[in-house]
Amino acid sequence: MRGFRTLTAGLICTAFLGAAGCSSDAPPESTTTYQPYVSATAASSGDSAGSAAVYNLAFVISDGSGCTPEWNGAYAVGDTAVRSRIAGLTAGGARVRVSFGGASGKELAATCDSAAGLAAAYAAALDAAGASEADFDIEGDELTDAASVALRSQAIALLQKERPALKVSFTLPVMPSGLDADSLALLASANTYDVQVSTVNLMTMNYGESYTGDMGDYALTSATAAHTQLKSVFGLSDAAAWRGMALTSMIGVNDVTGETFGLADAAQVRAFAEEKGIAWLSMWSTFRDRQCGGESSAEDALTNCSGVEQEDGAFAAAFSG
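Residues numbered from 1 in each chain as written. Predicted model: local features only at pLDDT ≥ 70, side-chain atom pairs only at ≥ 80, totals over all residues. Heavy atoms only, no water.

**Regarding the overall build of the protein**
Put simply, the rule is: Helix and strand definitions follow DSSP, with helices as H or I runs of at least four residues and strands as E runs of at least two, each counted in order from the N terminus. In this setup the radius of gyration rests on C-alpha atoms only. A globule is expected at 2.2 Å times the number of residues raised to 0.38. Residue exposure (1.4 Å probe, protein chains only): buried if accessible area is under 20% of the type maximum, exposed if over 50%, otherwise partly exposed. Only the protein chains shown count as covering a residue, and every accessible area follows the Shrake-Rupley method with a 1.4 Å probe. When charges are counted, neither His nor the chain ends are considered; positive counts come from Lys and Arg and negative counts from Asp and Glu. By convention, charge coordinates are those of NZ in Lys, CZ in Arg, CG in Asp, or CD in Glu.
If you tally the helices and strands in the protein, you get nine helices and 13 strands. Computed over C-alpha atoms, the radius of gyration of the protein comes to 18 Å, within 12% of the 20 Å expected from 2.2 N^0.38 for 321 residues, which places it in the range of a compact globule. Taking the principal axes of the C-alpha coordinates as reference, the protein spans close to 50 × 45 × 40 Å. In the protein, which comprises 321 residues, the share counted as buried stands at 55%. A total accessible area of about 12,000 Å² is found for the protein, and carbon and sulfur atoms account for 52% of it. Across the protein, the 17 positively charged side chains and the 36 negatively charged ones have centroids separated by 6 Å.

As C-alpha cells, this is what we get:
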C-alpha cells in the first residue's frame, strides 16, 4: 500500500498461526472485525466511521539511512502530536497496531545492520505507540531482498522472546493465483527463525492491467488460493488457515487503471469473511473513505478520496458488517 505518501478457529486452537492446527474445522460464529489503516500523523473524519477494533498506524520506516524508526520517515516515534493522535484513536476502546514498511521509503530491515539493532528499533516504535501488535507491510524491493527478509525474521524472533505476548502480522501482496514466490519465501523465513505469526494480511488490490474483471470476485479468488498456501506453509486445518487470514482492499479507484473496488465489492468481501471465519478486514484507508469533491483531480482519488460515488464512511460501514 502506498505510504504518505487471535488466531482462534473452532473450539480449541493454539495461539499462533505458525503452530499446530485446531481441533475443529467448523468456522466460528462471526468474529471478523474491522481494522482499518489510518495515518499516524493526521486525523481524518473517516477514522470514527464503522466499528474499528484495531487501527493500523501507517507507517514506521527508517529515518533515511540509519536504524532510527520514524513515522513516514519524517516524525520521531515519540512525537507529541502522534501520541495525541493515538490517544484519540484509542479513547473509545480500540487498540492500535504499528505497521512497519509500506510502499514508500526504506523499511528498517534494509537500513539496520544487526538483528539486535533492528529489534530495538521495532521495540522503540511499539513502546512509543503503546502497542503490543506489529504489522509488517512488505512489498516492492524489500520483498525480494533475501538479506533483509532474513534479518527481519531474526529481529522479530528476538523481539518475541522479550515480549511473548507480541502479536505479529505480515501484510503481503496477492494475486488471484495466490501469494507469489517471494511472499512464500518470506513466510518460510519466518518459520525458519521461529517467528510466531498471528495473521497473514492479503492486499487484495492492484493486480495489473490485464485484470479487468470484478474486484470483489478477485478478492475472493485471491483469498481462496492463498488459503491453500497458508495451510501448506503452516500445517494448518481449513478453519485455522481462514482464521489466520486478513484481507485489505484499496477502496474505490486503485493504483492500476481500470481497477475500481466499490461498495458492492466491500459487502461481498464482508459476507465471505464472515462465512469463512476470517480474522479481520481492513482498507486503504480511512482518509480515502469519502467521495471526491468537484475540485478533485484523478490523482486526488488515489490520495484523499475514493473516486467513487459514496456517503462519507460508507466503506467503513460495509466492512464493519
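**A word on the pattern of salt bridges**
In plain terms, the rule: Any carboxyl oxygen of Asp or Glu within 4 Å of a side-chain nitrogen of Lys or Arg constitutes a salt bridge here.
Counted by the stated rule, this structure contains seven salt bridges. One salt bridge connects Arg-95 with Glu-133, and the closest N-O pair in it is separated by 2.6 Å. Of this pair, Arg-95 sits in strand 6 (residues 95-101) while Glu-133 sits in strand 7 (residues 133-137); the two residues are 38 residues apart in sequence, bridging distant segments of the chain. In this structure, the salt-bridge partner of Asp-127 is Arg-163, at a minimum N-O distance of 2.8 Å.

**Some details on unusual backbone geometry**
Glycine aside, negative phi is the norm for most residues, and most peptide bonds take the trans geometry. Looking along the chain, the bond that leaves Ala-58 and enters Phe-59 is cis, with omega of -20°. Mapping Phe-59 onto the fold places it in strand 3 (residues 54-62). Backbone torsion omega between Trp-284 and Ser-285 reads 5°, so that peptide bond is classified as cis. Looking at where Ser-285 falls in the secondary structure, it is placed in the loop between strand 13 (280-284) and helix 9 (314-320). One non-glycine residue with positive phi stands out, namely Asp-194, at about 65°. Within the secondary structure, Asp-194 is located in the loop between helix 5 (181-192) and strand 9 (197-204).

**Concerning the pairing of strand 3**
Side-chain direction in a regular strand flips from residue to residue, so the side chains alternate between the two faces of the sheet. To keep things clear, this is the line we draw: Pairing between two strands is assigned when DSSP locates at least 2 bridges connecting them.
Of all nine residues that make up strand 3, nine are buried, and the element is covered over most of its length. Pairing analysis gives three bridges linking strand 2 (residues 37-39) to strand 3, with the strands arranged parallel. By the bridge assignment, Tyr-37 is partnered in strand 3 with Asn-56. Summarising the sheet, strand 3 and strand 6 pair through six bridges and their orientation is parallel. Paired with Val-60 across the two strands is Phe-100, which belongs to strand 6. Pairing of strand 3 with strand 4 (residues 69-71), which is carried by three bridges, proceeds in the antiparallel orientation. Residue pairing across strands places Ser-62 opposite Pro-69, the latter belonging to strand 4. The hairpin formed by strand 3 and strand 4 contains six residues between the paired strands, and Gly-64 there has a positive phi angle of roughly 145°.

**Some points on the confidence of the model for the protein**
For any part of a model where pLDDT is low, the fine detail of the predicted coordinates should not be relied upon. As a reminder of what qualifies: Per-residue confidence from the predictor is reported as pLDDT, which spans 0 to 100. Contacts between residues were defined by any pair of non-hydrogen atoms, one from each residue, lying within 4.5 Å.
Here the protein shows a mean pLDDT of 91. Residues at 70 or above account for 91%. Low confidence marks residues 4-15, where pLDDT is under 50. Its contacts with residues over four positions away, or in another chain, come to 37 contacts. Scored below 50 in pLDDT, residues 18-24 shows 20 contacts in the model against residues more than four places distant or in partner chains.

**Some points on helix 2 (residues 115-129)**
Selection rule: In this analysis, the expected span of each helix is defined as 1.5 Å times one less than the number of residues it contains.
In this model, helix 2 (15 residues) spans 21 Å end to end at C-alpha, consistent with the 21 Å of a helix rising 1.5 Å per residue. Turning to helix 2, the residues buried within the fold contact strand 3, strand 4, helix 1 (80-90), strand 6, strand 7 and helix 4 (146-162). Just beyond helix 2, the residue with positive phi is Gly-130, at close to 65°.

**Looking at the pairing of strand 10 (residues 245-250)**
Counting buried residues in strand 10 gives six out of six residues, a clear majority hidden from the surface. Of the two faces of strand 10, the one holding Met-245, Leu-247 and Ser-249 and the one holding Ala-246, Thr-248 and Met-250 are both buried throughout. In this structure, strand 9 lies alongside strand 10, joined through five bridges in parallel fashion. Of the residues in strand 10, the one forming a bridge with Val-200 is Met-245.

**Things to note about the nonpolar core**
This is how the line gets drawn: Residues belong to one nonpolar core when they are buried, are Ala, Val, Leu, Ile, Met, Phe, Trp, Tyr or Cys, and are joined through side-chain atoms within 4.5 Å.
Core analysis: the biggest nonpolar cluster contains 83 residues, and Phe-100, Tyr-122, Phe-170 and Phe-319 have the highest contact counts within it. Residue contributions to this core peak at 10 residues, all from helix 2. Ignoring sequence-local partners within four residues, the contact set of Tyr-122 consists of Phe-100, Glu-107, Leu-108, Ala-109, Phe-136, Arg-152, Ala-155, Ile-156 and Leu-159. By size, the runner-up hydrophobic cluster in this structure holds 10 residues, among which are Ala-58, Phe-59, Met-205 and Trp-284.

**Quick notes on the side chain of Arg-152**
Assignment of secondary structure puts Arg-152 in helix 4. For Arg-152, a relative accessible area of 1% puts it in the buried group. Excluding its chain neighbours within four sequence positions, the residues that come into contact with Arg-152 are Glu-107, Ala-109, Leu-118, Tyr-122, Phe-136, Ile-138, Glu-142, Phe-170 and Leu-186.

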